[in-house]
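Chains, contacts and geometry: an overview
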Amino acid sequence: MANQTPNQIEQLHKALKLTQRLRSNVTQVFQKLSDGFEDVEKKDKYLLNDLHKTLSSVNTDLSDLEAGSSTLGPLTAASNSTNSTLICVDPIIDKTSTYTQLIHTYKWTDKMKEQASYASNLLKENQFKRTPIQSGTFTKRLRRSQPACCYPQSNVDVLLNSLIHQYRDTMHISVVRPLGSSAVVMIVLGKTLKALLVLRGMVIEWVKVKGYTEDFHGEDGKVDIWSSSRYQVFQKITQHVTAATLHYYAPEMPDIAIKSLIIWLQSYSTLFSTPCQKCGQFLQNGLPPTWRDLRTKKAYHERCKLMEK
Ligand SMILES: [Zn+2]
């Protein structure tokens, strides 16, 4: 519209006025036809003349509009308007896909709302918890079990006494409690080594291994759980036993974990008399085979075990 010349705009205004006048006259014709038939007998001549006059003016207006519109070119012919300006010119919704797209979107939104409500109900029934929900007897057993660190002292004593009795031929096990409820288990394995385990409940929390000639008591006679062996071989074995406690750790069966470690520890009784299963040598870098396989209990040098893997 902005690119139309003043003459064209004037023609357009004229055409719009003619259209308005035509519509007004046509409305009058139909109005008179609908209102006037009741009085046709009395005033038929007058009404017919009036109707004829109105129809004539309609005819004239139509002729004028046709004549005026022929001088008007297409609305956008002289302009460089984009197609977007045609939207207001042609608002027929059947020719655009907007309505169909709206219906499609509405259906999807409705469906999504329905699915979301189903999902919400399902999630309410199955709330996420850090502890997975089990079923059947396993759930009952889990609820009854208690943390491995919180077993009463009497239960720990029963376990340790059974170990003392069971392995009395191969190792000497003694228990002291210098720091309250935590048991300090001291193990003497033949004439090879001494091991110290600190238990919190049924959990092994600290391990030290020393030589047979070394002691776990300080100069004041108290139990010393901190000092390390002065021999490199036992320092290395301390590291391996600490790793083994993590391997055997079983929170659901803490007594089995302690027993397994004790049985595995017995394999060190041949520390200085068994060659490495990999290289067949007794010494490597001045050390005997300090590692014992966690499953087979076979002896390996630390480096030979790494190569084995
Ligand atoms: Zn070796």
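Just so it is clear, the model here is predicted, and its values are computed rather than measured. (Residues numbered from 1 in each chain as written. Predicted model: local features only at pLDDT ≥ 70, side-chain atom pairs only at ≥ 80, totals over all residues. Heavy atoms only, no water.)

Turning next to the nonpolar core. Nonpolar side chains in soluble globular proteins tend to end up buried together. The biggest cluster of nonpolar side chains holds 33 residues, and the ones touching the most others in it are Ile187 and Ile237. Looking at this core, the elements that each hand over two or more residues are α5 (153-166), β1 (171-176), β2 (183-189), β3 (193-200), β4 (203-211), α6 (232-248) and α7 (254-265). Counting residues per element, this core draws most heavily on α6, at 6 residues. For Ile237, the contacting residues outside a window of four places in its chain are Leu193, Val209, Tyr268, Leu271 and Thr290. Residues Leu18, Leu22, Val29 and Val58 belong to the second largest nonpolar core, which totals 7 residues. (Core = buried A, V, L, I, M, F, W, Y, C linked by side-chain atoms within 4.5 Å. Buried < 20%, exposed > 50% of the residue type's maximum accessible area, 1.4 Å probe, protein only. Helix = DSSP H or I, 4+ residues; strand = E, 2+ residues; numbered from the N terminus. Contact = heavy atoms within 4.5 Å.)

Here the focus is the coordination of the zinc ion. For a metal with four tetrahedral donors the ideal donor-metal-donor angle is 109.5 degrees, whereas six octahedral donors ideally subtend 90 or 180 degrees. Looking at the metal site, the zinc ion is ligated by Cys276 (SG), Cys279 (SG), His301 (ND1) and Cys304 (SG), spaced 2.1 to 2.4 Å from it. Each of the 4 donor atoms bound to the zinc ion contributes to angles spanning 94 to 122°, and the resulting shape is tetrahedral. Mapping the donors of the zinc ion onto the primary sequence yields the spacing C-x2-C-x21-H-x2-C. Of this pair, Cys279 sits in the loop between α7 and β5 (291-292) while His301 sits in the loop between β6 (299-300) and α8 (302-308), and the two are 22 residues apart along the sequence. With a relative accessible area of 33%, Cys279 lands in the partly exposed category. (Donors = N, O, S within 2.8 Å, 3.2 Å for Na, K, Ca; no water. Tetrahedral: all angles 85-135°; square planar, octahedral: opposite > 155°, others 65-115°.)

The next subject is the pattern of salt bridges. Within the structure shown, the criterion is met by 7 salt bridges. One salt bridge in this structure joins Asp61 and Arg21, with 3.0 Å as the shortest N-O distance. Placement of Asp61 in helix α2 (residues 40-70) and of Arg21 in helix α1 (residues 6-36) is noted, with a sequence separation of 40 residues between them. Arg21 gets classed as partly exposed once you look at its relative accessible area, which sits at 45%. Linking Arg21 and Asp64 is a salt bridge whose minimum nitrogen-to-oxygen distance equals 3.9 Å. Linking Arg21 in helix α1 with Asp64 in helix α2, this pair joins segments that are 43 residues apart in sequence. You can call Asp64 partly exposed: its relative accessible area is 32%. Within this structure, Arg21, Asp61 and Asp64 form a network of salt bridges that share partners. (Salt bridge = Lys/Arg side-chain N within 4 Å of Asp/Glu carboxyl O.)

A separate point is the confidence of the model for the protein. Overall, the predicted model of the protein reaches an average pLDDT of 82, with 81% of residues at or above 70. In the model, residues 130-144 has pLDDT below 50 throughout and makes 5 contacts with residues more than four positions away in sequence or in other chains. (pLDDT = per-residue confidence, 0-100.)

This paragraph deals with the side chain of Lys194. Mapped onto the elements of the fold, Lys194 is located in strand β3. Buried within the structure, Lys194 lacks any salt-bridge partner; its nearest side chain of opposite charge belongs to Asp215, at an N-O separation of 4.5 Å. Engagement of the side chain of Lys194 in a polar contact is seen with the backbone oxygen of Tyr212, the distance being 3.4 Å. Each residue touching Lys194, except ones within four places of it in the same chain, is listed here: Ile187, Val188, Lys208, Val209, Lys210, Gly211, Tyr212, Glu214, Asp215 and Phe216. (Lys, Arg positive; Asp, Glu negative; His and termini not counted. Polar contact = N/O pair within 3.5 Å; in protein donor to acceptor, adjacent residues only side chain to side chain.)

What follows concerns the environment of Arg303. Tracing the chain through its elements places Arg303 in helix α8. In this structure, the C-alpha to C-alpha distance between Arg303 and Pro289, residues 14 residues apart in sequence, is 9.4 Å. Residues in contact with Arg303, not counting those within four places in the same chain, are Gln284 and Asn285.

As a further point, take the sheet that holds β2. Ordered in space as β1-β2-β3-β4, the 4 strands form an open sheet in which the pairing is antiparallel. The open sheet terminates on both sides in strands that have one partner only, identified here as β1 and β4. For this sheet the average axis-to-axis angle between neighbouring strands, irrespective of direction, equals 20°. Bridge analysis of β3 against β4 gives 8 bridges, and the strand direction is antiparallel. By the bridge assignment, Arg200 is partnered in β4 with Val203. Strands in contact with α5 are β1, β2 and β3; relative to β1, the strand with the most contacts, it is inclined by about 160°. Most of the contacts of α7 go to β3, to which it runs at about 170°, and overall it touches β1, β2, β3 and β4. (Pairing = 2+ DSSP bridges. Axes fitted to C-alpha atoms, helices over the stretch in contact; angles between N-to-C directions.)

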